[in-house]
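So the chains spell out like this:
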Amino acid sequence: MRYVEVLPCAALAPYVRCYWAMETSGPLPGPHRVLPDGCLDILVDLSDGVRPRVVGAMRTASVVPLTAPTSIVAVRFRPGGAQPFLRLPLQELTDAQVALGDLWPRVAREGWERLGDVGGMAARFALLERLLLRRLPARVEDAGVAHAVGLIEGARGQVPVRSLEQVMGVGARQVERRFQAVVGLSPKVLCRIERLQHALALLQGPRRVEGAEWALAAGYYDQAHQVREFRALAGLTPGAYARERARAEVGFVQSPDAAGA
C-alpha cells in the first residue's frame with residue numbers, strides 16, 4: 001500500500017489540512033481503522049470509474065475493508081475549513097458519506113470528474129488545488145469559530161468549553177449552534193477528538209509512554225478517563241489499540257507509518 005500526504009498552497013492553508021492519495025495492489029493484510037480527527041474529506045475513488053464523495057466529520061472510529069486494486073485521491077479540510085466551499089450546515093454531513101453530485105451542481109463537479117483522466121499523484125494534487133482555488137472564499141465566513149478551533153487545536157483539546165463563550169462573544173447556545181454549522185461537531189466533541197489525536201501522537205513518538213504516564217501526558221484525568229474516551233472514540237481500549245497497531249492486525253491509513261509505504 002502507498003499512502004501520501006501533501007500540504008496545500010498558502011492561500012488554501014487556512015482551510016485545507018492536506019491532500020492525500022492511496023493506492024493498493026496485491027493482497028491486503030486486513031481492514032483499516034479510520035479514527036475521528038475533526039476533519040471533513042472530499043474523496044475521489046478512481047478504482048472503478050470516478051466517484052467523488054464527501055465524507056463528513058466522524059464522531060467515532062470506523063473499520064473499513066480495502067480492496068485491491070484501490071486508487072483514491074482526496075482533500076482533507078481542517079475542522080471548519082470545508083464549510084465555505086460546500087456552503088451548507090456541516091452537521092448535515094456528520095458521520096455520513098454523500099455523493100458530491102448531490103451537493104454541487106454539474107458545473108462545480110466537472111473538474112473533479114476530470115481527475116480520472118490525470119495520471120500520477122502529483123498531477124492529481126495539482127488539479128485538486130486548482131479546483132479549490134476557483135471556489136476560494138473572499139474571507140473566513142465565521143472568524144469566531146475559526147479562532148476557537150485554533151485555540152482548541154493549539155491546546156490539544158484542553159480548553160474549557162465555557163471559555164469559548166467569552167472568546168466568541170456569544171452565549172453557550174450560539175457557540176454550540178455555530179460550531180455544529182461550521183465544523184459539524186460540538187466544541188466538546190472536537191476537544192475530545194483533539195485530545196485523542198494528541199494521545200495517539202504520543203504513542204507514536206520517539207519515547208515509549210504507557211499506562212498512567214500516557215494518560216496524564218495526553219491530558220486525561222486518569223487511566224479510567226482515558227479508557228472511557230478511547231472506547232467511545234476509537235472503538236477499543238488504549239491497550240487494545242496499541243496491541244492492534246503492534247501486531248498490524250488492522251491497518252491505519254492515517255498513520256505516518258503508511259505514508260510513502
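Since we're looking at a predicted model, the values are computed, not measured.

Caption draft 1: View of the layout of surface pockets. In this structure, the largest pocket encloses a volume near 660 Å³. What lines the largest pocket is a set of 32 residues, among which Val 34, Leu 43, Arg 53, Val 64 and Gln 97 lie closest to the centre. Here the lining of the largest pocket is composed, by residue class, of 16 nonpolar, nine polar and seven charged.

Caption draft 2: Here's a closer look at empty space enclosed by the protein. Under the counting rule described, the total for this entry stands at one cavity of 30 Å³ or more. Here the largest cavity is characterised by a volume of approximately 40 Å³. Lining the largest cavity are Gly 38, Cys 39, Leu 40, Ala 57, Phe 77, Arg 78, Pro 79, Gly 80, Gly 81, Ala 82, Leu 90 and Val 183. Residue classes in the lining of the largest cavity are distributed as eight nonpolar, three polar and one charged.

Caption draft 3: Examining the pattern of salt bridges more closely. Summed over the entire model, instances satisfying the criterion amount to 13 salt bridges. Arg 178 is the partner of Asp 142 in a salt bridge, and the nearest nitrogen-oxygen pair spans 2.7 Å. With Asp 142 in the loop between α3 (121-134) and α4 (143-154) and Arg 178 in helix α6 (residues 172-182), this residue pair connects regions lying 36 residues apart in the sequence. One salt bridge connects Arg 162 with Glu 165, and the closest N-O pair in it is separated by 3.0 Å. Exposure remark for Arg 162: the relative accessible area of 65% places this residue in the exposed category. A single network of salt bridges, built from pairs that share partners, joins Glu 5, Asp 37, Asp 41 and Arg 76.

Caption draft 4: Geometry of unusual backbone geometry. We note that Arg 87 has phi near 60°; this positive angle belongs to a residue other than glycine. On the secondary structure map, Arg 87 appears in the loop between α1 (83-86) and β8 (97-99). Of note, the phi angle at Asp 95 is positive, near 60°, even though the residue is not glycine. Tracing the sequence through the fold places Asp 95 in the loop between α1 and β8. On the accessibility criterion, Asp 95 (40% relative accessible area) is partly exposed.

Here is what the cut-offs are and how they apply
Residues numbered from 1 in each chain as written. Predicted model: local features only at pLDDT ≥ 70, side-chain atom pairs only at ≥ 80, totals over all residues. Heavy atoms only, no water. 1 Å grid on protein atoms, 1.4 Å probe; cavity = no way out; pocket = protein on both sides within 12 Å on 5 of 7 lines; lining within 4 Å. Points joined across faces, edges and corners; volume = space filled by probe spheres on them. Nonpolar A, V, L, I, M, F, W, Y, C, P; charged D, E, K, R; others polar. Salt bridge = Lys/Arg side-chain N within 4 Å of Asp/Glu carboxyl O. Helix = DSSP H or I, 4+ residues; strand = E, 2+ residues; numbered from the N terminus. Buried < 20%, exposed > 50% of the residue type's maximum accessible area, 1.4 Å probe, protein only.

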